[in-house]
Amino acid sequence: MADEIKKRSLREKAMQLPLSPGVYIMHNEQGDIIYIGKAKALKNRVSQYFGSDRNHGEKVRKMVENVDRFEYIVTDSEFEALVLECSLIKQYMPKYNILLRDDKGYSYIKITNEPWPRILSALQKYDDNATYIGPYMSSFAVTQAVTSARKIFLLPDCTRRFPQEIGKGRPCLNYYIKQCCAPCRGGITQEEYQKTVEDAVEFLKSGNAALQERFTREMEEAAEALNFEKAALLRDRINALRKLTDTQKVVAKGDAAYDVIAHAQDHHSTCFMVFRYLDGRLSDQEYHITEDFLESEDLFGEFMERFYAKRGDIPKRIYTDIEFDFDPLARWLSSLCGHKVEILNPKRGEQLKLVEMCRENAAEQLRWGKGRTAKELSNLEELSSLLKMDRPPEYIEMYDISNLSGSENVAGMIVYRDGRPLKSAYRTFKIKTVAGQDDYASMAEVIDRRLTEYEKSETEDGFGRLPDLILLDGGRGQVSAVEPILRKHQLSIPLFGVVKDGKHRTRAVTAAGGEISIRNSRGAFTLLADLQEEVHRFAIGFHRKSRARSTLSLTLTQIEGIGEKRAQALLRHFKTLKAIRGASVEELSEVRGMSRAMSEKIYEHFREPPQE
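Undergrad: What am I meant to see in the side chain of aspartate 448 here?
TA: Of note, aspartate 448 is situated in helix H14 (residues 439–456). Residue contacts for aspartate 448: discarding those within four places in its chain leaves Ile485, Lys488 and His489.

This is how it looks when you write it as structure tokens:
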């Protein structure tokens, strides 16, 4: 009810705003800025937030719930609003704005300093006596160059060590498909290998054309000297260089440099893919995945603002997969780079094909690149097979109980989404109905409270979402204690316990019917061991904090008039006893429930000399 009253009040204030362009700033109850936006007409834009919830997605509603007040700045034009918005976002870094991590660093080509050198790509230089070529702005270009050099000169990309592993084991598939000279076979001398690496480095430094000319000359000389083996080797390298040139054909004609930006969305996130073209060839690509609440048009515009604000190489043309009023953004980008920038939404032709290809890559990256590696996907699939589930669990919850001889009973709940920890969804519980050390009853209480919260929740986040799999740190006893709770809430969620051996190492999975061995399921074992270690760390960490807070609370309750609730309120506000001891009377009075007289009593208590 209070939320509805506040929302109506905010809407009434929004309806009094002018129909002028400007910037609006949203604050939460603590006064923190949580979102900054721009508008052509402030009244129309801001009032939309506090209208019917049916007009907004879940993420917009979440932001609006946290708004306590707003302020605004009127500007002369939408362009000025854009400039001001970018400046304020950079200054305040609001929670709900897109804040791209500036990870576009330099890349290097690394040649290791060892008897059998390797050519690698590196993100930074180390003091390891290796040779580094660069820096380069594009990690994509560096990776492509290193891959091409290895293929042309048949250099290994495995992890075998030479000369230690020469003659030990069979060569890998690359040797048989003629993509590796296989030093592991001993068919190439160290001197020949080093000469090949030198040629590869020259290729990386000087490029394709110069090396083709040199190899052609050396091939003719070798043929005249009847050294047909060397001539054939050089011929193969020339052919490989020519083939590389053929594969790097122009993919799109037109501008010398331009960018293509497209996006894909699912229920949780948006992926923006950027293709950067130079002379008609794809020169670089990168993607950004964001979890933001904005609608598509606002989200896209804000992404482009953040993306180009930290780059100096803005092309003259940018092709996008969404159509909106590009003019203010194009003018702002033009002011940043000093030349005219056009933002276009192609409807047909070659540019439309490029935009569609970019969008397809964004969708693929969102599907597979959202924090899930091939190994993590494999582990999830192996776990679902082991537990005979219909599909790999996307959302896993695991619980653990922690106490010290039955005192300070607490529980920890961790969440793994898509095979990785989702720490924003972690939760802690203080056991309320169980006295003493009874892990079974404590676990039942925790699951009951969690599922009760689900039934009360009106969102799909946190407790508002049911897990695909529930894991308990414990054996058949914990599982048997929790099964009636699931039946009580009329839910059918896969439920298993994870058992440790005598050395506290993950040993097996247990269900009501018995144990399931994980000895032969390496991927599932790795995932379960990680889950068990993480939930134990989280639960025991909360238990230690609870004990420490209980000790501090006991210290405060020795002051006359301070009970448990006031002690906890002081600790929540100041965090530490040291901060409470150093606080002024005015600062103590700011705590909810603290009167001036009580604040003075606490202040004097910590300044009285200790009694002998």
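Undergrad: Quick question: what am I supposed to make of empty space enclosed by the protein here?
TA: Any empty space left between atoms is shown by rolling a water-sized probe over those atoms. Scanning all chains against the criterion turns up one cavity of 30 Å³ or more. There is about 30 Å³ of room inside the largest cavity. Pro117, Arg118, Ile119, Arg150, Leu155, Pro156, Tyr193 and Val197 are the residues that line the largest cavity.

Undergrad: Is there a simple way to think about a nonpolar patch on the surface in this case?
TA: A contiguous nonpolar patch, built from Leu173, Tyr176 and Ile177 and spanning about 340 Å² of accessible area, is present on the exposed surface. Positionally, tyrosine 176 belongs in helix H6 (residues 173–176).

Undergrad: So what exactly am I meant to see when it comes to the sheet that holds strand E11 (residues 342–344) here?
TA: Pairing between sheet strands relies on hydrogen bonds along the backbone, with the strands arranged either parallel or antiparallel. A sheet is described by the order of its strands in space; here five strands give the open sequence E9-E8-E7-E10-E11, paired in mixed fashion. Only two strands of the sheet have a single partner each, and these edge strands are strand E9 (281–290) and E11. Taken pair by pair, the neighbouring strands of this sheet meet at an average axis angle of 20 degrees, ignoring direction. For strand E7 (residues 257–265) and strand E10 (residues 317–320), the ladder comprises four bridges, and the chain directions are parallel.

Undergrad: I keep staring at the side chain of histidine 489 and nothing clicks. Help me out?
TA: Tracing the backbone through its elements, the reader meets histidine 489 in the loop between helix H15 (476–488) and strand E17 (495–500). Given a relative accessible area of 10%, histidine 489 falls into the buried group. Setting aside anything within four residues of it in sequence, one finds histidine 489 in contact with Asp448, Leu451, Thr452 and Glu455.

Undergrad: What is the right way to read unusual backbone geometry from this model?
TA: What is expected of a backbone is that most residues other than glycine have negative phi and most peptide bonds are trans. Between phenylalanine 162 and proline 163 the backbone carries a cis peptide bond, its omega angle lying at 10 degrees. One non-glycine residue, alanine 182, adopts positive backbone phi at about 55 degrees. Assignment of secondary structure puts alanine 182 in the loop between H6 and helix H7 (190–206). The phi dihedral of aspartate 418 is positive, around 60 degrees, even though this residue is not glycine. Positionally, aspartate 418 belongs in the loop between strand E13 (407–417) and strand E14 (420–421). When its relative accessible area of 9% is taken as the criterion, aspartate 418 is described as buried.

Undergrad: When you look at a negative patch on the surface in this model, what are you seeing that I'm missing?
TA: A cluster of acidic residues, Asp3, Glu4, Glu29, Glu65 and Glu458, forms a negative patch on the protein surface. Assignment of secondary structure puts glutamate 29 in the loop between strand E1 (22–27) and strand E2 (33–39).

Procedures and definitions
Residues numbered from 1 in each chain as written. Predicted model: local features only at pLDDT ≥ 70, side-chain atom pairs only at ≥ 80, totals over all residues. Heavy atoms only, no water. Helix = DSSP H or I, 4+ residues; strand = E, 2+ residues; numbered from the N terminus. Contact = heavy atoms within 4.5 Å. 1 Å grid on protein atoms, 1.4 Å probe; cavity = no way out; pocket = protein on both sides within 12 Å on 5 of 7 lines; lining within 4 Å. Points joined across faces, edges and corners; volume = space filled by probe spheres on them. Patch = residues over 30% accessible without salt bridge, like charges linked within 9 Å, V, L, I, M, F, W, Y side chains within 5 Å. Areas by Shrake-Rupley, 256 points an atom, 1.4 Å probe, with all protein chains shown as cover. Salt bridge = Lys/Arg side-chain N within 4 Å of Asp/Glu carboxyl O. Pairing = 2+ DSSP bridges. Axes fitted to C-alpha atoms, helices over the stretch in contact; angles between N-to-C directions. Buried < 20%, exposed > 50% of the residue type's maximum accessible area, 1.4 Å probe, protein only. Lys, Arg positive; Asp, Glu negative; His and termini not counted. Charge placed at Lys NZ, Arg CZ, Asp CG, Glu CD.

Honestly, that's just the spatial picture; any functional story needs more than this.
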